[in-house]
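Observations on chain architecture
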Number of protein chains: 2
Amino acid sequence: MQKPYDLIIIGGSAAATAAGIYAARRKLNFKIITKEFGGEVATSGEIDNYPGVPDTDGIALSGAFRKHLEKYGAEIEEGVEVADISKKGDLFCISAKKDGQPKAAADKLKKGMEDGKKCDYEAKAIIVTTGVHPRELNVPGEKEFRGKGVTYCTTCDGPLFGGKITATIGGGNSALESAIMMSGIASKVYVINKNPGFKGDAVLIDKVTKDPKITVIYEAGTKEITGDKFVTGLKYQDKEGKVQDLKLDGILVHIGMVPNSELVKELEKNDFGEIKVDKFCKTNIPGLFAAGDVTDVPYKQIGVAVGQGITAVLSSIDYINKLSVKQ
Amino acid sequence: MQKPYDLIIIGGSAAATAAGIYAARRKLNFKIITKEFGGEVATSGEIDNYPGVPDTDGIALSGAFRKHLEKYGAEIEEGVEVADISKKGDLFCISAKKDGQPKAAADKLKKGMEDGKKCDYEAKAIIVTTGVHPRELNVPGEKEFRGKGVTYCTTCDGPLFGGKITATIGGGNSALESAIMMSGIASKVYVINKNPGFKGDAVLIDKVTKDPKITVIYEAGTKEITGDKFVTGLKYQDKEGKVQDLKLDGILVHIGMVPNSELVKELEKNDFGEIKVDKFCKTNIPGLFAAGDVTDVPYKQIGVAVGQGITAVLSSIDYINKLSVKQ
């Protein structure tokens, strides 16, 4: 049977990168497993708040993260979705799907397992950096027109709307960044904000509210997305309670994020489903650490995720060093 | 009287930079005050573990931090040493020395103060990022030859020992980095390690132990630094208990760091004098936050300090927003 890993890092964004660089420098036997590398960093537009790296963007920074990991020969396995994590003695057992199928390796490993349980990876410690996914509006038409004019990633899909009319839905930094990006691409940009103001960086709010191409509609609740083969508009309720129609070619939804924290039921989470951690990135399960956007630290920032990733891996090394696992 | 600042950031390294960038983006009325900008980052040699920025060094990264801050017009006041911090109602009062003298501005402000107390800065919130300073050996000759062959900063002073014989004292990453740097400069490099092994990154340990120019002396306790006008050697006790002489031109001391945490007596600290913080970088004093190496997070890393700096400033904004200070 394969020797257990010291550490498995689940996820592929800023926190995973930071943890991976330190794990490699410490020569741990470790692996990064992730659905896809890049995560929330890769889907960011302009980035100007990662200290020391001004004027970058999500694709460039995510590329730099990957290169930095590869410099140290860190193994990154993509296409992997964790199905279950359990613990037996001091070892974690991770079963996973690869590209939608139970991981092939699982079957081979199976024979070697006493209880016949599928462990695709065994590890002394785990760091969960699974991040978040975009929150949905939950209005009629949303599912129907997803990928047909409705997107949750302006950086990824914004360029498809060159010369068209778009609406960004949301009131935070992510929505502001979306609107700024679309102003350079679309012919006209609406922002549908359900609140009377924005909650975000003043520099971004300034840019959006002073841009003649951008019209902000405040206190507007999106009710329905309309279209035929493709999005043609949306219906919203204005502040007087009247339903209004807006003709659109594209809708960019930026109304917040939901943590990807379902993979271990025994983990303590807060009301938002975020994994509770302490300042050492420890969770309630010894040997299982968490870092980045998936945790209950409310500041979802690349620099914060990096700091947590480093903290988590150094905590995990302290933990591993204290273990006496028979190998 | 001058309007109080929203925020004063004390310190000038990674955590201060991160906090400053975010404060500027949020358009806070804030200032960075520090003895000198750069801190521990600037005195680092090669840096290869700040995620996304491989193959850099302390001077380059510290320069990039400063540029990033200046891009946002952040005010950095150097030459300032904080003498005292007190709190009156919801406002902090900071009195300071500038270039060794009581800050000139203090006298002007004095008249405006009800109780005649010198407040050089008033602020709703403070972030302490004062970092650490090098620990001393406390052996005879150390004080005498400081700056005459004895240094605590290889990056700063290492280049002075071209073609000479040096000893680095210590057993952690900082000592390893010092030895690696000196191997490229000196004719012969000793490492005096009081332990039987190193505690640091495997990549660095490999480099040092495989370098033919470097001789590591394990289980050696430095007893005395000798010299005339300038360092000529050191005496150490070997593992058999015998005192040995080593002829040297330079001694680079890297035996750990002491937190610069004396500025507020009321702050809760741990046994090492590090300021206790929670995962939001809150201290026991409401409105006073701490970030970076000065805190009790044991991982003294640039990326961790950056994450804490961002966390501290976002926590401080939450705190300020909840205040109702009469202005």
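One structure accompanies this document, and this report is about it. Fair warning: this is a prediction, and the values are worked out from it, not measured in the lab. (Residues numbered from 1 in each chain as written. Chains lettered and ligands numbered in written order. Predicted model: local features only at pLDDT ≥ 70, side-chain atom pairs only at ≥ 80, totals over all residues. Heavy atoms only, no water.)

Once chain A has been moved 0.0 Å along the axis and rotated by 180°, it coincides with chain B to within an RMSD of 0.1 Å. Expressed as a symmetry operation, the mapping of one chain copy onto the other fits a two-fold axis. A high fraction, 100%, of the interface residues of chain A reappear at the interface in chain B, so the copies pair face to face through one surface. (Least-squares fit on C-alpha atoms with pLDDT ≥ 70 in both. Contact = heavy atoms within 4.5 Å.)

Turning to the packing of helix 6 (residues 173-183) of chain A against helix 7 (residues 202-210) of chain A, a few remarks are in order. Helix-helix packing: each pair is described by the crossing angle between the helix axes and the interaxial distance. Residue and element names in this part refer to chain A. For the pair helix 6 and helix 7, interaxial distance at closest approach is 9 Å and the crossing angle is 45°. Between helix 6 and helix 7, the angle is such that the two are oblique. In terms of crossing hand, the pair formed by helix 6 and helix 7 is left-handed. Seen from helix 6, the contacting residues are Asn 173, Leu 176, Glu 177, Ala 179 and Ile 180; seen from helix 7, they are Leu 204, Ile 205, Lys 207 and Val 208. Residue classes in the contact of helix 6 with helix 7 are distributed as 6 nonpolar, 1 polar and 2 charged. (Axes fitted to C-alpha atoms, helices over the stretch in contact; angles between N-to-C directions. Helix = DSSP H or I, 4+ residues; strand = E, 2+ residues; numbered from the N terminus. Parallel < 35°, antiparallel > 145°, perpendicular 65-115°, else oblique. Left-handed = near helix turned anticlockwise from the far one by under 90°. Nonpolar A, V, L, I, M, F, W, Y, C, P; charged D, E, K, R; others polar.)

The next thing to look at is unusual backbone geometry. Its identity as a non-glycine residue notwithstanding, A:Asn138 has a phi of 60°, on the positive side. Within the element layout of this structure, A:Asn138 appears in the loop between strand 10 (132-134) and strand 11 (150-151). Positive phi outside glycine occurs at B:Glu219, with the angle close to 50°. Tracing the chain through its elements places B:Glu219 in the loop between strand 14 (214-217) and strand 15 (221-227).

On to the state of the cysteines, then. Under the counting rule described, the total for this entry stands at 4 disulfides over all chains. In this model, A:Cys93 is linked to A:Cys119 through a disulfide, with the two sulfur atoms separated by 1.9 Å. Because the sign of the S-S torsion sets the handedness, a value of about -120° for the bond joining A:Cys93 and A:Cys119 places this disulfide among the left-handed ones. Here A:Cys93, found in strand 7 (residues 91-98), pairs with A:Cys119, found in the loop between helix 4 (104-112) and strand 9 (121-128); they are 26 residues apart in sequence, far enough to count as distant. By relative accessible area, A:Cys93 is classed as buried at 6%. A residue is classified by how much of its surface remains accessible, and A:Cys119, at 2% relative accessible area, is buried. Note on cysteine connectivity: A:Cys153 is disulfide-linked to A:Cys156, with sulfurs 1.9 Å apart. Between A:Cys153 and A:Cys156, the S-S torsion sits near 75°, and that sign places the bridge as right-handed. Exposure remark for A:Cys153: the relative accessible area of 12% places this residue in the buried category. Residue A:Cys156 is classed as partly exposed on the basis of its relative accessible area of 44%. If you count the bonded cysteines of chain A from the N-terminus, they pair up as 1-2, 3-4. No disulfide involves A:Cys281; its sulfur sits 11 Å from the nearest other cysteine sulfur, which is in B:Cys281. (Disulfide = S-S within 2.5 Å. Buried < 20%, exposed > 50% of the residue type's maximum accessible area, 1.4 Å probe, protein only.)

These figures come from the coordinates and say nothing about function on their own.
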